[in-house]
Amino acid sequence: MTEKRDITLNINGRDHAIRVEARKTLVDAIRDDCGQTGTHIGCEHGVCGACTVILDDVAVRACLMFAVQAQGKRIRTVEGLAEGDRLHPLQSAFIKHHGLQCGFCTPGFLMLAVNTLERQPDIGDEELLDVLSSNLCRCTGYQNIITAVRAAADDMRRAGAAG
Amino acid sequence: MSHGYPTPPRAEERRVLGHPVPRIEDRPLVTGHGLYAGDVSFPHQLHMRIVRSAHAHARIVAIDTAAARALPGVVAVWTVDDIAELPPIDFRDPSAEALKPYRQPVLARGRVRYVGDPVAAVFAEDPYVAEDAADLVDIEVAPLPVLMGAQELGEFDDGRATEPTIVRHSFGDIEAAFAKAHAVVELDLTIGRHSGVPMETRGAIGRYDAARDVLELHGAAKVPHRNKDTLVRMLGRSPHSLHLFEGHTGGGFGIRGELYPEDVLVLVAALRLGRPVKWIEDRREHLISANHSRHQHHRVRAAVDPQGRLLGMEDEFFHDQGAYVRTHGARVVGRTMSMLTGPYKVGAYRAVGHFRLTNKTPAATYRAPGRYEGTFVRERLMDAIAARLGIDRIELRRRNLIPGAEMPFTVEFDEPGAEELVLDSGDYPALLDKALAHFKWDQVLADVTRRRAAGEAVGTGIGLFVEESGRGPADGAKISVDTDGAVEVVTGGASVGQGFATAMAQICAEQLGVDYSRIRVVHGRTDRIAFGIGAHAARATVMTGGAVNETAIKLRQKALQFASELLQTPAEMLDIVDGVVRRKGGDAGPSIALGDIAKRVAPGAELLHGREPGLSAEAWFHTDHTVFPYGAQLAVVRVDRDTGQATVERLMIAYDVGRAVNPMMLEGQLVGGSIQGVGGALLEEFTYDQNGEPLAVTFADYLMPSLRDAPPVDVLITEDAPSPRNPLGLKGGGEGGINAVGAVIAGAIDDAIGIPGAVTRLPVTPPRLKELLRRGAP
């Protein structure tokens, strides 16, 4: 069980050469071995979504897979959203619309929303709510999260049209 | 201090206080740079894993740790024998002697009393190895009878009953009230066992700095200073040699940041093992070991006159405390009964609260402790009285509300030591009117009637409540301006994610005349300030905000005095705008930035003339009063008769907060609290089987509201009754949102299914609602 393997995780475009047991979860490896602690652990059984990261363009729960399974894939975490000092439209919208309180679930919601809006910029509102209902937040009552994501979706569509 | 402060200005007359400005804490949180307990690590740290009881009640026969100790990577395995000298987890406040034998030991001592009770602690090089080793600890037990109901009385240990205390509150002649009653309405009500369940589980990191002889606890929350006091007592260290550090906190809600066995263990282990020790709880552990709450069973009755006026109210209730008495003692029982009459005038009152132990996870405070429970009981009673007498439920409430003209209104209890309530300010009937108008009550009723005629099961509910906040006695703050003009506010407050730093920065900025977003707010650090009230019972804004206000005023005067001397201008003619002292009423004339003043008052500066150097101040806010915000909640609920599913279509809260520091954050608190209330009303429950095995141990069994369960919450904030008990007129906003939600949803479900008084138990899960529909009218 304790035999370790050498793997490389590519997180936000940077390679992290690490040595982990096969049983180590992806989220533990991202946090403890790669030092990217912005991805949080809320339940370790795939319900809350606090650990959501984007793996090759799909939002996944990093507590439900092993680090060794992510070898060779592109991992995106909350640390990779901003470009320098420039926040991602979703990050700005969460601040502007008070879409966070304690902030613990926020990285998971951001990655879920980023992935959704990148894949389906014109997603319908009902479908958007369905997607967002897959993560849990205990502070906000969700209202401002919805407002923030809708606002960012508009911003991103406008930016996309302009670009 | 008991006399009133003048009415404070409204936001329109303020620069930043009272305005919905963005939070200063958000940027690190949206970029992944927060510092939650799990993010704290020290070189060479060990990882702790707790071995927990799998039995609800048993005698420990033997604990075999040999196999665990033999596992490579394991450094130590402790049982109670290794920490025999440690006292049990102590109460925060002095508590009745009678409660002491019921405190929780740091590790189980001879007996386990609930599934989840810590029995042993494993320390290993790696968290996975610690968990492997924990599985190898073999606990041999002899099962004991399991007590699962608070209405039954059992034996805690030799000669000690499972009822540590009975709490009583009364006033007036209750017998006479019932003797002359036109009608007596009686109810049997239960509030389910649920809790705060923050998204971040608990965590604690102990570190001993041998170079400085300081023992450090990281991952602290809520009441770091108060917990430090308790730890100093328990560990016998001097206060200067033990410090607590709060980073970011992933939700508090009353349960996080209490002192738990794990906090003590990481500290003792860090000392003895000579390495930092990190413990991060997993979700299953959290659900069976962090504080539960709420669970009470009430038998309540009211004596009313023909108009429905409350002549008397009598309540006997059983509080299911779980296996031990934790840091609050019997506080929740006391708060339940002191606030039970809420916004109403009651002729006579008698409440008896049985504080009972069972073989469940111990309980304590959760957001609006005793009030979510008490409001459910009181407002169910008001609905029942209205139904019995055929009086409209709004009209019945209106007849009983304390009139605005009678404020401040004192509720004095007969029992010696029972704290009187002095409801400081408010116009409850006026808020009710505003709430109904905002909700468009008449239109909603007409709409509901139309939908019902079309066959839908849809109904409305209302609940009125009083909250308490800002309990004293005192809190202090230090503010300093550095030579760059940046401001640091050091408080003894704590942040549980509610926007504490922003609120403090707004108060400071308003008085000092600086940009709030450039203020650094320190909280939860016992090494930076000696005293602190923390973040509990909605104290932070009122108490710490009061202290920051006093301190900022003092610092402003100091800055203006120095500037007056430097600019050769009378201080009365000067103002501070955006961190620059200048003449009032324009840009003309000389000016000086606060940072430059700070440079000019360094030690040895000529300007000082014997005054203390530095542009800084320290001050205190004292109060011997609690302040009472109040509110009304309304809901529309639809019931699916086939599935028993209740859907909250609309929720509204009207809340008078005196003066809001930041309406955006206050609204966030009220909406978030409301949705947590929906959880307790419809979804969340810690259930057990008859052997005491917990059945809600994952998020698949303990159901918290998801986005699809969360109705839109409409918020009406009013500022009609600023508190006369503090200079800013503030009242707390952290707990109001959840207060009446259970009551309101229960009333709306009754209304929807057309069975008055149907709901007597929360949460109203689909099977329970199906059963109510099957049984029909009572």
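## Overview of the overall build of chain B
Phase 1 of the analysis: Counting secondary structure elements, chain B contains 18 helices and 30 strands.
Phase 2 of the analysis: In terms of C-alpha radius of gyration, chain B reaches 27 Å, essentially the compact-globule figure of 28 Å for 778 residues.
Phase 3 of the analysis: Taken over the C-alpha atoms alone, chain B extends approximately 85 × 70 × 50 Å along its principal axes.
Phase 4 of the analysis: Taking all 778 residues of chain B together, the buried fraction comes to 58%.

## Quick word on the overall build of chain A
Phase 1 of the analysis: From N to C terminus, chain A includes five helices and five strands.
Phase 2 of the analysis: Listed by position from the N terminus, the elements making up chain A come as β-β-α-β-β-β-α-α-α-α.
Phase 3 of the analysis: Radius of gyration (C-alpha) of chain A: 16 Å, near the 15 Å computed for a compact globule of 163 residues.
Phase 4 of the analysis: With the principal axes as the frame, chain A shows a C-alpha extent of 50 × 35 × 25 Å.
Phase 5 of the analysis: Taking as baseline every contact in chain A between residues at least 6 positions apart, the subset at least 24 positions apart corresponds to 57%.

## Let's talk about unusual backbone geometry
Phase 1 of the analysis: In this structure, the amide linkage connecting B:Met407 to the following residue, B:Pro408, adopts the cis form with an omega of -10°.
Phase 2 of the analysis: Cis rather than trans, the peptide bond between B:Leu762 and B:Pro763 has omega equal to -5°.
Phase 3 of the analysis: Mapped onto the secondary structure, B:Pro763 falls in the loop between α17 (741-753) and α18 (766-775).
Phase 4 of the analysis: Unlike most non-glycine residues, A:Asp57 shows phi in positive territory, near 75°.
Phase 5 of the analysis: As for its position among the elements, A:Asp57 is in the loop between β3 (52-55) and β4 (58-61).
Phase 6 of the analysis: Residue classification places A:Asp57 among the exposed positions, given that 11 C-beta atoms sit within 10 Å.
Phase 7 of the analysis: For A:His98, which is not glycine, the phi torsion reads 55° and is therefore positive.
Phase 8 of the analysis: You can see A:His98 is positioned in the loop between α2 (89-96) and α3 (106-119).
Phase 9 of the analysis: On the basis of neighbour counts, which here come to 24 C-beta atoms within 10 Å, the residue A:His98 falls in the buried class.

## Structural notes on the confidence of the model for chain B
Phase 1 of the analysis: Of the residues in chain B, 99% have a pLDDT of 70 or more, and the chain-wide mean is 96.
Phase 2 of the analysis: The ipTM for the predicted assembly is 0.98, set against a pTM of 0.97.

Definitions and limits used
- Residues numbered from 1 in each chain as written.
- Chains lettered and ligands numbered in written order.
- Predicted model: local features only at pLDDT ≥ 70, side-chain atom pairs only at ≥ 80, totals over all residues.
- Helix = DSSP H or I, 4+ residues; strand = E, 2+ residues; numbered from the N terminus.
- Rg over C-alpha atoms; globule rule 2.2 N^0.38 Å.
- Buried ≥ 20, exposed ≤ 12 C-beta atoms within 10 Å, placed from the backbone.
- Contact = placed C-beta atoms within 7 Å.
- pLDDT = per-residue confidence, 0-100.

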